[in-house]
Amino acid sequence: MASYIHPFTPALQPLSSLTPDVTPQKCMMCQTRQHSVCITASENTPAAFADASQKLNLPPGMTLIEEGSTPLASFNIVSGTIRLFKSLPDGRRQIIGFADAGHFLDLTSSDICNFGAETIDTVEVCRFFHPQLDHLLASHPAFKHQLMNRLTLRLAEAQEQMLLLGRKTAREKISTFLLSRILHQHSTADTTIIPVSLPMNRSDIADYLGLTIETVSRTLSNLRREQIIAVTSHHSINILAPDTLRKLASGQEHG
């Protein structure tokens, strides 16, 4: 089935209009540092990272990266969720991923931005202009190594996405997506109830997975009826049976 693809949504205000936080203390107070590329900023070196970056608070619906523009900075997401998308010739767009806290959007190797990025909810990012980022990479080899590891992980995720779109059933796609949200939000996931935030709407999920909104809603309703998940609010659920969800995602259990 063809997926639902969103029309373009304009930004609420230009990124250049925001006032960044440039205080050195922002890195020491950051709750995401231990889960991002900045983990290499030890107690003795956070000032170097603080000097190289600016923290921005972004409202929902703001364009962080404009597709086709010249990339001037890269971004480390501190909190919130961003949708990544590519535009189609007729003006529509296809969602290609979601970036959450700890995700580093590296644009240093491109002459133009080959994707766009827009905030879903309120988002905090650290912006690294490329001259400062290049200096940081040269002077902190551990940071460069950590960044390369993260980029390798993103490549593996892109390969998984190809499998997800090409071979899996709708039920397997939804289960895989929910498992990916667990991995992004929890360092460990045992057999207990696991809360999962879903800031994106159903049409976002449908677009990303190559499904229709109706199929996404129906599949989530079936998982809820089978007591695999429980819907706690419009943007959050509880995973009640993570082991069953893993089997569904891998095709071991069809139901």
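Refer to the structure above for everything that follows.
Residues numbered from 1 in each chain as written. Predicted model: local features only at pLDDT ≥ 70, side-chain atom pairs only at ≥ 80, totals over all residues. Heavy atoms only, no water.

Engineer: Looking at this structure, I do not really get unusual backbone geometry. What am I missing?
Structural biologist: Note on backbone geometry: most residues besides glycine have negative phi, and most peptide bonds are trans. Phi at Gln-227 is positive, roughly 60°, even though this residue is not glycine. Along the polypeptide, Gln-227 turns up in the loop between helix 7 (213–225) and strand 10 (229–233). Here Gln-227 falls in the exposed class, since its relative accessible area comes to 60%. (Helix = DSSP H or I, 4+ residues; strand = E, 2+ residues; numbered from the N terminus. Buried < 20%, exposed > 50% of the residue type's maximum accessible area, 1.4 Å probe, protein only.)

Engineer: So what exactly am I meant to see when it comes to the pattern of salt bridges here?
Structural biologist: Any two side chains of opposite charge can pair, given that their charged atoms come close. Counted according to the given criterion, the structure contains nine salt bridges. For Arg-93, the salt bridge identified is with Glu-118, shortest N-O distance 3.3 Å. Of the two residues, Arg-93 is situated in strand 5 (residues 93–99) and Glu-118 in strand 7 (residues 116–119); the sequence distance between them amounts to 25 residues. Exposure class is identical for Arg-93 and Glu-118. Each is buried. Asp-243 is the partner of Arg-246 in a salt bridge, and the nearest nitrogen-oxygen pair spans 2.6 Å. Linking Arg-246 with Asp-243, this pair stays in helix 8 (residues 242–250), spanning three residues, or about one helical turn. Through salt bridges that share partners, Arg-83, Arg-93, Glu-118 and Asp-204 make up one connected network. (Salt bridge = Lys/Arg side-chain N within 4 Å of Asp/Glu carboxyl O.)

Engineer: It is not clear to me how the pairing of strand 7 should be interpreted in this structure. Could you clarify?
Structural biologist: Taken residue by residue, a regular strand's side chains alternate between the two faces of the sheet. Side chains of strand 7 alternate between two faces, with Gly-116 and Glu-118 and Ala-117 and Thr-119 buried alike. Strand direction decides the pairing type here: strand 2 (residues 63–65) and strand 7, joined by two bridges, are antiparallel. Bridge pairing links Thr-63 to Glu-118 in strand 7. Both strand 4 (residues 82–87) and strand 7 contribute to a ladder of four bridges, which runs antiparallel. The residue of strand 7 that forms the bridge with Leu-84 is Ala-117. (Pairing = 2+ DSSP bridges.)

Engineer: Is there a simple way to explain the packing of aromatic side chains in this structure?
Structural biologist: Two measures describe an aromatic ring pair: the distance that separates the ring centres and the angle between the ring planes. A full pass over the atoms with the stated rule returns four aromatic pairs. Where Phe-104 meets Phe-128, the ring centres are 5.9 Å apart and the plane angle is 55°; that geometry is what we call tilted. Linking Phe-104 in strand 6 (residues 104–105) with Phe-128 in strand 8 (residues 123–129), this pair joins segments that are 24 residues apart in sequence. Since its relative accessible area comes to 5%, Phe-104 is described here as buried. Overall, the relative accessible area of 1% leaves Phe-128 in the buried class. Aromatic rings pair up to connect Phe-98, Phe-177 and Tyr-208 into one cluster. The lysine or arginine in question, Arg-93, covers the ring of Phe-85, its NZ or CZ lying 4.3 Å from the ring centre. (Phe/Tyr/Trp six-rings, centres within 6.5 Å; stacked < 30°, edge-to-face > 60°. Lys NZ or Arg CZ within 6 Å of the ring centre and 35° of its normal.)

Engineer: What should I look at first to understand the sheet that holds strand 2 in this one?
Structural biologist: Each strand in a sheet pairs with another by means of backbone hydrogen bonds, the pair being arranged parallel or else antiparallel. With antiparallel pairing, four strands are arranged side by side in an open sheet as 2-7-4-5. The open sheet is flanked by strand 2 and strand 5, the only strands paired with a single partner. For this sheet, the mean inter-axis angle between neighbouring strands, taken without regard to orientation, is 35°. The sheet contact formed by strand 4 and strand 5 spans six bridges and is antiparallel. Across the sheet, Ser-87 pairs through a bridge with Arg-93, a residue of strand 5. Sheet strands in contact with helix 6 (residues 202–209) are strand 4 and strand 5, and its direction is about 100° off that of strand 5. (Axes fitted to C-alpha atoms, helices over the stretch in contact; angles between N-to-C directions. Contact = heavy atoms within 4.5 Å.)

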